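The primary structure of each chain is shown beneath.
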Amino acid sequence: MAINTRSRDKPLVDMRQLEAALQQVREQKRMQVQDIGSGVPFMMRNSSAGKTVTTQTAMQLTVVCACVRILAEAVAGLPLHMYRYTERGKEKAIDNRLYYLLHDEPNPEMTSFTFRETMMAQLLTTGNAYAQKIFNNRGEIVAIYPLISAQMQVLRDPSGRLVYLYTYMPDDSKPNETQVVPLRQDEVWNIPGLGFNGLIGFSPIEMARNALGLAMATEEYGSKFFANGAQPSGVLEHPGVIKDAEKLRTAWQAQFGGSGNSNKIAVLEEGLKYHPISIPPDQAQFLESRKFQINEICRMYRIPPHMVGDLEKSSFSNIEQQSLEFVKYTLDPWLCRWEQSMQRCLLTRDDKQRYFWKFNVDGLLRGDYQSRMQGYAVGRQNGWLNANDIRELENMDEIPAAEGGDLYLVNGNMLPLGQAGNFYNNGGEAQ
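Here's a quick rundown of the structure. Fair warning: this is a prediction, and the values are worked out from it, not measured in the lab.

## Some points on the environment of Val410
Stage number 1. Mapped onto the elements of the fold, Val410 is located in the loop between α13 (387–393) and α14 (422–425).
Stage number 2. Judged by relative accessible area, which is 57%, Val410 ranks as exposed.
Stage number 3. For the pair Val410 and Asn382, spaced 28 residues apart in the sequence, the C-alpha separation amounts to 5.1 Å.
Stage number 4. Dropping the residues within four chain positions of it, Val410 is found in contact with Gln381, Asn382 and Gly383.

Quick look at the structure:
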């Protein structure tokens with residue numbers, strides 16, 4: 001990650017004024033620097049199940065990791081093109097510098113896939129994605145670097161402008177030494193998620209912390225259950241007085257505890273009795289709880305359960321429809337958020353009238369080979385697809401125009417309604 005420290009044409013934020021305003025906030029004086037936040041207490045870390053829910057702990061749940069990975073890779077893998085408005089419609093603006101940055105290589109350290117995957121992963125976990133725009137001396141964007149959302153603070157200075165304070169370590173070998181870098185609003189590309197003020201998004205992890213905490217608790221219970229040899233905990237009863245209870249407990253645990261000691265036969269002496277006191281997993285509906293939490297987390301990210309490996313309610317007849325609904329109701333809103341954010345943050349006022357961004361989701365909406373061929377045939381026979389249009393959709397080389405690759409054809413038995421009687425009225429002579 002690179003933080004731009006070169007000299008700029010525009011002055012940076014007045015750090016003295018900003019620090020003075022922050023000091024007033026610390027002393028609870030008048031609010032000159034406003035912390036842009038939601039105002040909703042979603043920042044509590046402990047869930048009702050008693051588990052601490054953070055981005056790191058939530059990503060250790062396989063279903064959360066799968067949901068984030070599915071959406072991040074889907075957005076990163078889709079073709080992204082920059083278009084220019086023309087008199088006949090639109091065309092790809094391949095000659096524009098921004099086309100190369102977003103389509104191929106946003107910066108010298110990563111590909112477009114890696115960049116978009118990183119941004120989308122932060123958007124899905126923290127609710128916000130930030131990137132720094134690097135400009136040349138002519139004010140053109142020459143590189144875009146992703147920033148870590150958890151290290152960004154958004155403020156509003158006394159003049160009403162947004163100020164982004166980014167905390168990072170200049171030297172990785174000195175983790176205790178951090179530096180706060182102020183960034184102007186025009187230097188930051190921000191993609192906010194769902195929120196109440198349009199500037200800062202809520203973290204899905206924090207909003208669903210109780211559901212995630214329950215999933216963590218059930219997973220930990222299952223792990224400890226099998227670590228204990230799949231045997232419930234209990235009480236050792238002795239008819240007499242035990243001189244060293246701790247020694248007996250340690251010896252019992254060493255001989256019968258752990259999955260490696262499961263199914264061993266215990267020999268009890270001197271009237272010692274074992275009484276299990278834990279609720280068996282079947283009575284606690286352990287498996288049902290874990291299965292329900294999978295659907296609960298999938299509901300949180302609006303992911304069809306079959307995409308994370310839960311095929312219980314999926315069949316040959318509905319799985320294709322669920323995949324189409326994933327594109328329409330889950331992926332499309334995220335793509336719209338990306339497209340409008342790129343339009344707002346990466347283009348100048350004049351360029352917004354000439355250019356626009358668009359993700360190509362045709363590949364995800366295509367059916368099987370037979371269905372595609374039938375659709376192409378209908379389009380070809382009715383004149384709204386030519387051979388090269390079809391070959392481009394199938395990622396094939398074009399047919400030269402001299403050989404008819406750009407010709408639009410229609411069936412000879414189809415005429416405009418006003419010309420339907422021409423052949424009859426002219427005595428059967430073709431016109």
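## Comments concerning a negative patch on the surface
Stage number 1. A cluster of acidic residues, Glu392, Asp397, Glu398 and Asp406, forms a negative patch on the protein surface.
Stage number 2. With respect to the helices and strands, the residue Glu398 is situated in the loop between α13 and α14.
Stage number 3. On the basis of relative accessible area, Glu398 is assigned to the exposed category, the value being 57%.

## What to know about helix α3 (residues 62–77)
One full turn of an α-helix is made of 3.6 residues, so residues set three or four places apart face in the same direction.
Stage number 1. Between its first and last C-alpha, α3 extends 21 Å over 16 residues, near the 22 Å set by a 1.5 Å rise per residue.
Stage number 2. Residues of α3 that are buried include every one of Val63, Val64, Cys67, Val68, Ile70, Leu71, Ala72, Ala74, Val75 and Ala76, and no others.

## Things to note about the pattern of salt bridges
Side-chain pairs of opposite charge can arise whenever the charged atoms involved come near each other.
Stage number 1. Tallying each qualifying case throughout the model produces 11 salt bridges.
Stage number 2. Ionic pairing is found between Glu140 and Arg97, a salt bridge with its closest N-O pair at 3.9 Å. On the criterion of sequence distance, the pair formed by Glu140 in the loop between β4 (128–135) and β5 (141–147) and Arg97 in helix α4 (residues 97–103) is long-range, its members being 43 residues apart.
Stage number 3. With relative accessibility at 31%, the residue Glu140 sits in the partly exposed group.
Stage number 4. Residue classification places Arg97 among the partly exposed positions, given a relative accessible area of 41%.
Stage number 5. Among the salt bridges present, the one from Arg161 reaches Asp157, with a minimum N-O distance of 3.2 Å.
Stage number 6. One connected set of salt bridges, linked through shared partners, spans Arg84, Glu91 and Asp95.

## Describing unusual backbone geometry
Stage number 1. Positive phi values are uncommon outside glycine, yet Arg302 reaches one of about 60°.
Stage number 2. Structurally, Arg302 is set in the loop between α9 (286–301) and α10 (319–346).

## Topic: helix α5 (residues 112–126)
Stage number 1. Compared with an ideal rise of 1.5 Å per residue, which puts 15 residues at 21 Å, α5 spans 21 Å between its outermost C-alpha atoms and is within 8% of the ideal.
Stage number 2. Within α5, burial applies to Ser112, Phe115, Arg116, Met119, Met120, Gln122, Leu123, Leu124 and Thr125.
Stage number 3. After α5 finishes, the residue Gly127 shows a positive phi value of roughly 90°.

## Considering the packing of aromatic side chains
Stage number 1. In total, this model carries 8 aromatic pairs according to the counting rule given.
Stage number 2. For the ring pair Tyr130 and Tyr164, a centre distance of 6.0 Å and an interplane angle of 65° mean the geometry is edge-to-face. Residue Tyr130 is located in strand β4, and its partner Tyr164 is located in strand β7 (residues 162–168); the two are separated by 34 residues in the primary sequence.
Stage number 3. Among the residues examined, Tyr130 registers a relative accessible area of 3% and is labelled buried.
Stage number 4. An aromatic cluster of at least three residues, connected via ring pairs, comprises Phe115, Trp189, Trp338 and Phe359.
Stage number 5. Over the ring of Tyr83 we find Lys90, and its NZ or CZ is 5.5 Å from the ring centre.

Rules and cut-offs
Here the residue numbering is sequential within each chain, running from 1 through the sequence in written order. Residue-level local features of this predicted model are given only where pLDDT is at least 70; pairs of side-chain atoms are given and counted only at 80 or more, and the full residue set underlies all totals for whole chains, interfaces and linings. Side-chain numbers come from the whole structure's heavy atoms, not from hydrogens or water. Runs of H or I in DSSP of at least four residues are treated as helices and runs of E of at least two as strands, each being numbered from the N terminus. Remark: exposure states derive from per-residue accessible area (1.4 Å probe, protein chains only) relative to the maximum for the residue type, with buried under 20%, exposed over 50%, and partly exposed in between. Any two residues having at least one pair of non-hydrogen atoms within 4.5 Å are treated as being in contact. Excluding any residue in a salt bridge, patches collect residues exceeding 30% relative accessible area, merging like charges within 9 Å and nonpolar Val, Leu, Ile, Met, Phe, Trp and Tyr side chains within 5 Å. Per-residue accessibility takes into account occlusion by the displayed protein chains alone, with areas from the Shrake-Rupley method and a 1.4 Å probe. Only one rule defines a salt bridge in this text: a Lys or Arg side-chain nitrogen within 4 Å of an Asp or Glu carboxyl oxygen. We count Lys and Arg on the positive side and Asp and Glu on the negative side, and we leave His and both chain ends out. For charged residues, the charge sits on one atom: NZ in Lys, CZ in Arg, CG in Asp, CD in Glu. How far a helix is expected to stretch is found by multiplying one less than its residue total by 1.5 Å. Here the aromatic set is Phe, Tyr and Trp, taking the six-membered ring for Trp, and pairing holds for ring centres within 6.5 Å; pairs whose planes are under 30 degrees apart are stacked, those over 60 apart are edge-to-face, and all others are tilted. Cation placement over rings: the criterion is NZ of Lys or CZ of Arg within 6 Å of the ring centroid and within 35° of the ring normal.

By themselves, these are just geometric observations and shouldn't be taken as functional.
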